[in-house]
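Okay, here's what each chain looks like letter by letter:
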Amino acid sequence: VYGPIKLEILDAAGKLVDTVTPSKRRGINRTTWTMRVKPPAVPRAAQIAFGASRGPRVVPGTYTLRMTRGTEVVETKLAIGLDRRAPYTVADRKAQFDAVMKAHGLFDEMTKLAVRIDGARDAVRDRLKGLPDGDELTRKLRALLDKLEAARKQIVATTEGGAITGEERIREHLDRLYGALDRWEGRPAKYKLERIDVLRRELGDVEKTVDAIVGKDARALDDEL
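The paragraphs below set out a description of the structure included in this document. All of these numbers come straight from a predicted model, not from anything done at the bench.

Details of the sheet that holds strand E3 (residues 61–69)
Next up, step 1: Pairing within the open sheet is antiparallel, and its four strands lie in the order E2-E1-E3-E4. Looking at which strands have only one partner, the edges of the open sheet turn out to be strand E2 (16–20) and strand E4 (72–80). Sheet twist, expressed as the mean angle between neighbouring strand axes with direction ignored, is 20°.
Next up, step 2: Inspection of the sheet shows strand E1 (residues 5–10) paired to E3 by six bridges, in the antiparallel sense. Within E3, the residue paired with Ile9 across the bridge is Leu65.

Notes on the side chain of Asp175
Next up, step 1: Looking at where Asp175 falls in the secondary structure, it is placed in helix H3 (residues 170–183).
Next up, step 2: It is Arg171 that comes nearest to the buried, bridge-free Asp175 among opposite-charge side chains, at 6.2 Å.
Next up, step 3: Filtering out sequence-adjacent residues up to four positions away, Asp175 remains in contact with Ala49, Phe50, Gly51, Ala52 and Phe107.

Let's talk about the nonpolar core
Next up, step 1: Counting 31 residues, the largest nonpolar core has Met110, Leu113, Ile117, Val124, Ile155, Leu174 and Leu203 as its most contacted members.
Next up, step 2: The element best represented in this core is helix H1 (residues 90–128), accounting for ten residues.
Next up, step 3: Contacts of Leu203, omitting those with residues within four sequence positions, involve Leu106, Glu109, Met110, Leu113, Ile155 and Ile170.
Next up, step 4: If you look at the next biggest cluster of nonpolar residues, it comprises eleven residues, including Leu7, Trp33, Val59 and Tyr63.

As for the packing of aromatic side chains
Next up, step 1: A complete count under the given rule lists three aromatic pairs for this structure.
Next up, step 2: Here Trp33 and Tyr63 contribute two aromatic rings whose centre-to-centre distance is 5.9 Å and whose plane-to-plane angle is 65°, an arrangement assigned as edge-to-face. Placement of the pair is Trp33 in the loop between E2 and E3 and Tyr63 in strand E3, with a sequence separation of 30 residues.
Next up, step 3: On the accessibility criterion, Trp33 (16% relative accessible area) is buried.
Next up, step 4: Using a relative accessible area of 5% as the deciding quantity, one classes Tyr63 as buried.
Next up, step 5: Ring centres of Phe107 and Tyr178 lie 6.0 Å apart, and the angle between their planes is 65°; on these two criteria the pair is classed as edge-to-face.

How each quantity is defined
Residues numbered from 1 in each chain as written. Predicted model: local features only at pLDDT ≥ 70, side-chain atom pairs only at ≥ 80, totals over all residues. Heavy atoms only, no water. Pairing = 2+ DSSP bridges. Helix = DSSP H or I, 4+ residues; strand = E, 2+ residues; numbered from the N terminus. Axes fitted to C-alpha atoms, helices over the stretch in contact; angles between N-to-C directions. Buried < 20%, exposed > 50% of the residue type's maximum accessible area, 1.4 Å probe, protein only. Lys, Arg positive; Asp, Glu negative; His and termini not counted. Salt bridge = Lys/Arg side-chain N within 4 Å of Asp/Glu carboxyl O. Contact = heavy atoms within 4.5 Å. Core = buried A, V, L, I, M, F, W, Y, C linked by side-chain atoms within 4.5 Å. Phe/Tyr/Trp six-rings, centres within 6.5 Å; stacked < 30°, edge-to-face > 60°.

Have a look at this one:
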């Protein structure tokens, strides 16, 4: 009986790109690799982020397939080329991949900040338990909770409907941009690259706001808590 089998795909620099779980049936087995990196971590919101539901396709090059079964390790090389019908070059594909991964990384940063806000909100809610409505500390904690909620609403939409409701935040704008970059595998337009930087600055502003709430407003209540 075979133990766990792991199939890893590494790029030319030896960086792990993806992991596939192959079958352990007897005889010849086939497994499929999508030739894509994993999708980004996207913060929860009122609507699904369809554009960011998959990772970008890897660029042409030589990849290493490493299969591990117990202490046994087997490696082989896999060359991925550019479709001869493609109207773009390998350099264009590299530029597109780098742009998508830049947006991919921004999603990861956004998720970490959203998780941080959620954690702070949960902590405030725990403090509110058992406090009477008319208590001065209750009023201050609710005000703190409102500030955290306002910060979160700058990142994600909280109402279903997206553009219909007019509530589109950084997450929704980035999702649309990510999808546009991922759908076209040629060199991305300059304005799309600039848009990533704009959204990163907007997210940075929210992070500064959260830092102020947690570092100043919350700490001001430490003695009362």
